[in-house]
Amino acid sequence: MEKLLELAKKEHIRIIWTQELSPTTPPVAVYNLRCIIMNSNWHNPNQFIFQLAHELAHLIYGDPLDLRLYNRTPAQKFKIESYVNDYALQIIFHLYSQTPYNKINVVSFMQKYAIPAHLENRVRFLINTL
């Protein structure tokens with residue numbers, strides 16, 4: 001977690017942790033404020049690293065116009081979330097991997113950082129292409 005917090009500081013992104021949200025309320029990035037609100041009550045604290053990397057990716061690599069597209073169609077939202085997930089995975093690979101990408105054990109990596117199962121193919125693809 002410390003490496004992600006250092007990245008946020010370097011990128012001038014403020015992280016706010018709150019206990020005021022329900023265990024099912026996901027974190028959110030506020031683009032115009034360069035701020036991320038993290039839910040410390042989240043039902044699976046093992047996901048904090050992936051969640052924070054995901055929200056950082058929104059602010060570091062995202063387009064300010066994403067917010068407009070995000071609220072239009074499910075397909076546009078899916079497209080935005082897909083590329084943000086790729087960037088989040090790359091952030092985690094870069095900051096936390098001690099081995100070359102092509103030697104990462106996909107299952108162990110996904111378990112260690114609580115990467116959602118639906119991203120397994122993306123993890124495999126990124127490992128093979130980075």
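Thresholds, definitions, all that
By convention here, each chain's residues receive numbers from 1 onward along its written sequence. pLDDT decides what is reported in this predicted model: residues at 70 or higher carry local features, side-chain atom pairs at 80 or more are listed and counted, and totals for whole chains, interfaces and linings draw on all residues regardless. Side-chain descriptors were evaluated using all non-hydrogen atoms of the structure, hydrogens and water having been removed beforehand. When DSSP finds two or more bridges between a pair of strands, those strands are recorded as paired. Labels follow the DSSP assignment, with helices taken as runs of H or I lasting at least four residues and strands as runs of E lasting at least two, numbered in each case from the N terminus. Here, axes are lines fitted to C-alpha atoms. For helices the fit covers the stretch in contact, and angles between N-to-C directions go from 0 to 180 degrees. To estimate the expected span of a helix, subtract one from its residue number and multiply by 1.5 Å. Burial here depends on accessible area, computed with a 1.4 Å probe over protein chains only, as a share of the maximum for the residue type. Under 20% is buried, over 50% is exposed, and the range in between is partly exposed. Contact definition: two residues touch when any of their heavy atoms are within 4.5 Å. To be clear, the arc concerns the directions from the helix axis to the C-beta atoms. Every residue gets a pLDDT, meaning the predictor's confidence in that residue, from 0 to 100.

Draft legend 1. Spatial organisation of the sheet that holds strand β3 (residues 35-39). Overall, mixed pairing links the three strands, which are arranged β1-β3-β2 in an open sheet. Across the chains shown, the open sheet's two edge strands, defined by having one partner strand only, are β1 (14-18) and β2 (28-30). On average, each strand axis in the sheet is tilted by 20 degrees relative to the strand beside it, whichever way the strands run. Note: β2 against β3, three bridges, orientation antiparallel. Residue pairing across strands places Ala29 opposite Ile36, the latter belonging to β3.

Draft legend 2. Up close: helix α2 (residues 48-61). For α2, with 14 residues, the first-to-last C-alpha span of 19 Å sits near the 20 Å given by 1.5 Å per residue. Inspection of α2 places Phe48, Ile49, Phe50, Gln51, Leu52, Ala53, His54, Glu55, Leu56, Ala57, His58 and Leu59 among the buried residues, and these make up the whole buried set. In this fold, the buried residues of α2 make contact with α1 (2-10), β1, β2, β3 and α4 (74-96).

Draft legend 3. Representation of α1 within the structure. When α1 is considered as a whole, its buried residues turn out to be Leu4, Leu7 and Ala8. Buried residues of α1, seen end-on, are gathered within an arc of 100 degrees and therefore sit on one face of the element. Exposed side of α1, more than 90 degrees from the buried face: Glu2, Glu6, Lys9 and Lys10 are the residues found there. Elements that come into contact with the buried residues of α1 comprise β1, α2 and α4. Downstream of α1 by one or two residues, His12 has phi in the positive range, about 60 degrees.

Draft legend 4. The confidence of the model for the chain, seen in detail. For the chain, mean pLDDT is 90; residues scoring 70 or higher make up 94% of the total. At the level of individual helices and strands, the chain shows its lowest average pLDDT in helix α3 (residues 66-70), which scores 66, and its highest in β1, which scores 98.

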